[in-house]
Amino acid sequence: MKLRNLFLLGVLLLSLFACDDANTDYTTETKMIVDIPTESYLVSLSESTETYHFDGIGVFCLGYSDDIKDCPGDVVHINPGVGSTLSFEALQNNETIEELQLVISFKTQGDDDYQQIHSVDLLQAGKFLSGDTHSLELDDVLAPLINRLNENPRYLISIEINGLANFDLSSDAQFEIPLIIESEYTSPRFTL
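Because the structure is predicted, anything quoted here is derived from the model rather than measured. (Residues numbered from 1 in each chain as written. Predicted model: local features only at pLDDT ≥ 70, side-chain atom pairs only at ≥ 80, totals over all residues. Heavy atoms only, no water.)

Engineer: Describe the overall build of the protein, listing the residues and the values that go with them.
Structural biologist: Helices and strands together make up the secondary structure of the protein, namely 2 helices and 9 strands. Taking all 192 residues of the protein together, 37% fall into the buried category. Summarising the internal contacts of the protein: among those between residues at least 6 apart in sequence, 80% fall at separations of at least 24. A total of about 12,000 Å² of accessible surface is found on the protein, and carbon and sulfur atoms cover 49% of it. (Helix = DSSP H or I, 4+ residues; strand = E, 2+ residues; numbered from the N terminus. Buried < 20%, exposed > 50% of the residue type's maximum accessible area, 1.4 Å probe, protein only. Contact = heavy atoms within 4.5 Å. Areas by Shrake-Rupley, 256 points an atom, 1.4 Å probe, with all protein chains shown as cover.)

Engineer: Explain the pairing of strand β1 (residues 25–45) residue by residue, including any values.
Structural biologist: Strand direction decides the pairing type here: β1 and strand β9 (residues 172–184), joined by 13 bridges, are antiparallel. Looking at the pairing, D25 lines up with E184 of β9. Where β1 lies against strand β2 (residues 50–60), 7 bridges are found, and the strand directions are antiparallel. For S40, the partnering residue across the bridge sits in β2 and is F54. (Pairing = 2+ DSSP bridges.)

Engineer: Outline the pattern of salt bridges, listing residues and values.
Structural biologist: Enumeration according to the criterion identifies 2 salt bridges in this entry. Its salt-bridge partner being E176, residue K31 comes within 3.5 Å of it at the nearest N-O pair. Placement of the pair is K31 in strand β1 and E176 in strand β9, with a sequence separation of 145 residues. The exposure class of E176 is buried, given its relative accessible area of 19%. Across the pair R148 and E151 runs a salt bridge whose closest N-O atoms are separated by 3.3 Å. (Salt bridge = Lys/Arg side-chain N within 4 Å of Asp/Glu carboxyl O.)

Engineer: Break down helix α2 (residues 143–151) for me, with residues and values.
Structural biologist: Along an α-helix, a turn takes 3.6 residues, which lines up residues three or four apart on a common side. Buried residues of α2: L145, I146 and L149, and no others. Viewed along the axis of α2, the buried residues span an arc of 95°, placing them on a single side of the element. Tucked inside the fold, the buried residues of α2 contact β3 (74–80), β5 (97–107), β6 (115–121), β8 (156–165) and β9. (Arc of directions from axis to C-beta.)

Engineer: Let's hear about the pairing of β9: which residues, and what values?
Structural biologist: A regular strand places its side chains so that they alternate between the two faces of the sheet. With 6 bridges connecting them, β3 and β9 associate as antiparallel partners. If you follow D74 over to β9, its bridge partner there is E184. As paired elements, strand β4 (residues 85–87) and β9 share 3 bridges and run antiparallel to each other. When the sheet's bridge partners are listed, T85 is paired in β9 with E176.

Engineer: Quick one: what's the story with a negative patch on the surface, residue by residue and with numbers?
Structural biologist: Taken together, the side chains of D25, D74, E182 and E184 define an acidic patch exposed on the protein surface. By secondary structure assignment, the location of E184 is in strand β9. Overall, E184 belongs to the partly exposed group, its relative accessible area being 34%. (Patch = residues over 30% accessible without salt bridge, like charges linked within 9 Å, V, L, I, M, F, W, Y side chains within 5 Å. Lys, Arg positive; Asp, Glu negative; His and termini not counted. Charge placed at Lys NZ, Arg CZ, Asp CG, Glu CD.)

Engineer: Please give an account of the environment of E176 that cites residues and values.
Structural biologist: Considered as a pair, E176 and M32 are 144 residues apart in the sequence and their alpha carbons are 5.7 Å apart. Contact partners of E176, with chain neighbours within four places excluded, come to K31, M32, I33, G83, S84 and T85. Here the side chain of E176 touches K31 through a polar contact of 3.5 Å, side chain to side chain. (Polar contact = N/O pair within 3.5 Å; in protein donor to acceptor, adjacent residues only side chain to side chain.)

Engineer: Which residues make up the side chain of S84, and what values go with them?
Structural biologist: Its location among the elements puts S84 in the loop between β3 and β4. Excluding its chain neighbours within four sequence positions, the residues that come into contact with S84 are L136, E137, L138, D139, L142, E176, I177 and P178.

Engineer: Account for the nonpolar core, with residues named and values stated.
Structural biologist: L86, F88, I97, L100, L102 and F175 are the most contacted members of the largest nonpolar core, which has 39 residues in total. Broken down by secondary-structure element, the contributors of at least two residues to this core are β1, β2, β5, β6, α2, β8 and β9. With sequence-adjacent residues up to four places away left out, L86 is seen in contact with I36, L100, L122, H134, S135, L136, L138, I161, A173, Q174 and F175. (Core = buried A, V, L, I, M, F, W, Y, C linked by side-chain atoms within 4.5 Å.)

Engineer: Can you break down the packing of aromatic side chains residue by residue, with the values?
Structural biologist: We describe a pair of aromatic rings using the distance from one ring centre to the other and the angle between the two ring planes. If you walk through the whole model with that rule in mind, you get 2 aromatic pairs. Ring plane angle 75° and centroid distance 6.2 Å describe the contact between F54 and F88, whose orientation is recorded as edge-to-face. You can see F54 sitting in strand β2 and its partner F88 sitting in the loop between β4 and β5, a full 34 residues away along the chain. Exposure remark for F54: the relative accessible area of 0% places this residue in the buried category. Under the relative-accessibility criterion, F88 is labelled buried at 2%. (Phe/Tyr/Trp six-rings, centres within 6.5 Å; stacked < 30°, edge-to-face > 60°.)

See below:
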C-alpha cells in the first residue's frame, strides 16, 4: 500500500513540475490607414499662379477598429512600426503643395472637444510635395500619438491637415501608421 501511495505521489509531483506556463503574450503587426478627405478654396489669384488653401480631418479609434481584431486579449503596449506616411496620390506633374501642417488631437467617447496632442509643420525650408514626391515619412513625429494610444487605445484620434497648394486639392490624403501591438490573453482555464 505504501508503495502504491508513493507511486501516485510521484506521478502527481512529476505532472506538477512538468507544467509550463502558458504563453499568454502575443505580438500583432498591423497598419492603420486613415483616409483624410480634403476640401480647398481659392485664396489668391494672380497672373502667375493661383493659391488654394486646403484642409481635411480624419478620425479613428484604435480600440474599436478592425486593425486589432486579430489581437487576442487585452492590449498591453503599442509600439510604432517603421514607415509611417502621409501621401497625396492624386498629385499631377505640375501640381505642388507648398505648406502642410499636421495637427493630432484626442478625446474620450464622452468628451465634447478634442485636446491637441501635437502640431507640426511638415514642409519646412523650401520643401514641397509634387507628383514625383507625393508622400512624407512621419516616423519621427508620431511619438506623442503612440504615447496617447498607450494611455488608452479607445481614445478617438483626430488627424487634421491644412496647407497651401497651387491647385484645387479635393481628393483624399492617406495617413498610414504601422503599429506593433503587444497583447496579453488571460484565461480562467487550467492548462497542463
